[in-house]
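Spelled out from the first residue to the last, the chains are:
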Amino acid sequence: MTTMKIAQIAQNYAKAWNSKSAEAVASFLAEDGEIVINRGEPWSGRARVRDMAAGFFSDVPDLSLTCDDVRISDKHVLFLWTFTGHDATTHRPLKIHGWEEWDLTSDLQVLSSRGWFDAQAYALQAGSD
């Protein structure tokens, strides 16, 4: 596992989000991988991760995600991101910062991701608060 290879995976993950393909996003997870966002219910398995990504694309159809930084410690990765776009309901602009903490498998797929963002800031920007 090299730092450069993991950094490239992070860039490709951002590209997957920018492709607007829920399938592309889910492909970064192991078959039994899961994502938990802000200590919510887990999205376990690729099919559920596809559902989660599709939900984000529905809520923010013009979502654009940038990889702001990557921190690596063996098979544990911190993926820092910013997304911009417009809320699908209110059409108000969004700029949200967050991160995902990944635990990787030996073949560099995400086994678990713990994602974090300021949900209160999201609601305020979206105008749904």
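Please read all numbers here as calculations on a predicted model, not as lab measurements. (Residues numbered from 1 in each chain as written. Predicted model: local features only at pLDDT ≥ 70, side-chain atom pairs only at ≥ 80, totals over all residues. Heavy atoms only, no water.)

Caption draft 1: Structural view of the overall build of the chain. When its secondary structure is counted, the chain shows four helices and six strands. When the helices and strands of the chain are listed from N to C terminus, the series reads α-α-β-β-α-β-β-β-β-α. Burial analysis of the chain (129 residues in total) assigns 41% to the buried set. The long-range share in the chain, meaning contacts at least 24 apart out of those at least 6 apart in sequence, stands at 49%. Carbon and sulfur atoms make up 52% of the accessible area of the chain, which totals about 6900 Å². (Helix = DSSP H or I, 4+ residues; strand = E, 2+ residues; numbered from the N terminus. Buried < 20%, exposed > 50% of the residue type's maximum accessible area, 1.4 Å probe, protein only. Contact = heavy atoms within 4.5 Å. Areas by Shrake-Rupley, 256 points an atom, 1.4 Å probe, with all protein chains shown as cover.)

Caption draft 2: Spatial organisation of the environment of Asp 103. In this structure, Asp 103 sits in strand β5 (residues 93-104). Taking relative accessible area as the criterion, Asp 103 reaches 33% and is therefore assigned partly exposed. As a C-alpha pair, Asp 103 and Val 77 span 26 residues in sequence and 6.5 Å in three-dimensional space.

Caption draft 3: Spatial organisation of the packing of aromatic side chains. The full count for this structure, using the stated rule, is 10 aromatic pairs. When the ring of Tyr 13 is compared with that of Phe 28, the centres are 5.4 Å apart and the planes differ by 75 degrees; the resulting orientation is edge-to-face. Placement of the pair is Tyr 13 in helix α1 (residues 3-18) and Phe 28 in the loop between α2 (22-26) and β1 (29-37), with a sequence separation of 15 residues. Aromatic pair Trp 17 and Phe 57: ring centres 5.4 Å apart, planes at 65 degrees, arrangement edge-to-face. Of this pair, Trp 17 sits in helix α1 while Phe 57 is found in helix α3 (residues 46-59), placing the two residues 40 residues apart along the sequence. Both residues of the pair, Trp 17 and Phe 57, count as buried. (Phe/Tyr/Trp six-rings, centres within 6.5 Å; stacked < 30°, edge-to-face > 60°.)

Caption draft 4: Up close: the sheet that holds strand β4 (residues 76-86). With mixed pairing, the six strands of this open sheet are ordered in space as β2-β1-β6-β5-β4-β3. With partners counted over all chains shown, the strands left at the sheet margins are β2 (43-44) and β3 (64-73), one partner each. Lying over the sheet, α1 contacts β1, β3, β4 and β5, oriented at roughly 160 degrees with respect to β3. (Pairing = 2+ DSSP bridges. Axes fitted to C-alpha atoms, helices over the stretch in contact; angles between N-to-C directions.)

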